[in-house]
Amino acid sequence: MDAAEIKAKIEAIMREEPRFAEEAYAFVANAVTFTVGRLPAHRHVSALELLGGVRDYAREEFGVLAYEVLYEWGIRSASDVGRIVYLLIGSGLLSASKDDAPEDFDIEFKLADPPADAAAPAAKLPKID
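Heads up: these notes are all about the structure in this document. As the structure is a computational prediction, the values presented were derived from the model and not from experiment.

## With respect to the layout of surface pockets
The volume enclosed by the largest pocket comes to roughly 310 Å³. Along its surface, the largest pocket is lined by 20 residues, and Val-32, His-44, Val-45, Ser-95 and Ala-96 are the ones closest to its centre. Where the lining of the largest pocket is concerned, the elements lending two or more residues are helix H2 (22-37), helix H3 (47-62) and helix H5 (78-90). Here the lining of the largest pocket is built from residues that sort into twelve nonpolar, five polar and three charged.

## With respect to the pattern of salt bridges
What the rule picks out here adds up to twelve salt bridges. The shortest N-O distance in the salt bridge between Arg-59 and Asp-56 comes to 3.8 Å. Within this pair, Arg-59 and its partner Asp-56 are both found in helix H3, separated by three residues, close to a single helical turn. Across the pair Lys-98 and Asp-99 runs a salt bridge whose closest N-O atoms are separated by 3.5 Å. Lys-98 sits in the exposed class, given a relative accessible area of 78%. For Asp-99, a relative accessible area of 62% puts it in the exposed group. Among the charged side chains, a salt-bridge network with shared partners connects Glu-16, Glu-17, Arg-19, Asp-80 and Arg-83.

## Regarding the environment of Phe-105
Relative to the assigned elements, Phe-105 resides in the segment after H5. Along the backbone, Phe-105 and Gly-37 are 68 residues apart, and their C-alpha atoms lie at a distance of 21 Å.

## As for the packing of aromatic side chains
Scanning all chains against the criterion turns up eight aromatic pairs. Relative to Phe-62, the ring of Phe-27 has its centre 5.9 Å away and its plane inclined at 35°; by these criteria the two rings are tilted. With Phe-27 in helix H2 and Phe-62 in helix H3, the pair connects residues that are 35 residues apart, well separated along the chain. On the basis of relative accessibility, which here comes to 4%, the residue Phe-27 falls in the buried class. A ring pair is formed by Tyr-86 and Phe-105, whose centres lie 6.5 Å apart and whose planes are at 80°; its orientation type is edge-to-face. Of this pair, Tyr-86 sits in helix H5 while Phe-105 is found in the segment after H5, placing the two residues 19 residues apart along the sequence. Taking relative accessible area as the criterion, Phe-105 reaches 4% and is therefore assigned buried. Linked through ring pairs, Phe-27, Phe-34, Tyr-57, Phe-62 and Trp-73 together constitute an aromatic cluster. Between Arg-76 and the ring centre of Tyr-71, over which it is positioned, the NZ or CZ distance is 3.7 Å.

## Notes on helix H4 (residues 66-73)
The α-helix advances 3.6 residues per turn, and as a result positions three or four apart in sequence lie on the same side. Along H4, the residues that are buried comprise Ala-66, Val-69, Leu-70 and Trp-73. Within H4, the buried residues cover an arc of 95° as seen down the axis, which keeps them to one side. In this structure, the buried side of H4 is in contact with H2 and H3. Backbone geometry just downstream of H4 places Gly-74 in the positive-phi region, at approximately 95°.

Rules used throughout
- Along every chain, residues carry numbers that run from 1 in the direction the sequence is written.
- Local features in a predicted model are, by the rule used here, given only for residues with pLDDT of at least 70; side-chain atom pairs are given and counted only at 80 or more, and totals for whole chains, interfaces and linings are based on all residues.
- Hydrogen atoms and water are omitted, and side-chain values are computed over all heavy atoms in the structure.
- A pocket, in this scheme, is an open set of points on a 1 Å grid over the protein atoms alone with protein on both sides within 12 Å along at least 5 of 7 lines, while a cavity is a set where a 1.4 Å probe fits but cannot get out; residues line either one if an atom lies within 4 Å of a point.
- Grid points are joined across faces, edges and corners, and a volume is the space filled by probe spheres set on the points.
- Secondary structure elements follow DSSP: runs of H or I no shorter than four residues count as helices, runs of E no shorter than two count as strands, and numbering proceeds from the N terminus.
- Gly is placed with the polar residues, together with every amino acid not listed as nonpolar (Ala, Val, Leu, Ile, Met, Phe, Trp, Tyr, Cys and Pro) or charged (Asp, Glu, Lys and Arg).
- Salt bridges are counted wherever a side-chain nitrogen of Lys or Arg sits within 4 Å of a carboxyl oxygen of Asp or Glu.
- Exposure categories follow from relative accessible area, calculated using a 1.4 Å probe and restricted to protein chains: below 20% of the type maximum is buried, above 50% is exposed, and the middle band is partly exposed.
- Note on aromatic contacts: the rings of Phe and Tyr and the six-membered ring of Trp form a pair at centre separations within 6.5 Å, being stacked when their planes are under 30 degrees apart, edge-to-face when over 60 apart, and tilted otherwise.
- Over a ring means this: the NZ of a Lys or the CZ of an Arg is within 6 Å of the ring centre and within 35 degrees of the ring normal.
- To obtain the arc, one takes the directions from the helix axis to the C-beta atoms.
- Any two residues having at least one pair of non-hydrogen atoms within 4.5 Å are treated as being in contact.

These results come straight from atomic positions and should not be treated as a statement about function.
See below:
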C-alpha cells in the first residue's frame, strides 16, 4: 500500500470519526510498529502491550510534551487508542486476531504524565537564619 492509499484511508476514517486529529491515526499506527519492533520476535500484541507501546512511543517522540500532544489530537484514554486501532483495522491498515475486541482497551491506563499543575501552591522553603 502506498502513501497516497494510506492517506485516503485515513481521510475516510476521519469522515467517520472526526474527533481525532489526522496525526492521531498515523501516531497510533506508528506506535503499533514501534511496539512490535521492540519485541524479540514478531508476534501479535495485546491491548495492554500496545498501550505500553503508545505511552513509550509518545515519550520518545514528544518527551515532556507527550500529554499535551496526545490531548490536542483527541487521545485522552486507553479507550480512545482502542477506537483508533479498530478504525484502522476496519480500514485494512491494521489487523487483529479473532480473540481481540475493542473492549480490551476499556481499562484505566495512563498514556502520559499530565503537566505539573501551575495553580498548585509552591512548597514553602525552609527559613535560613
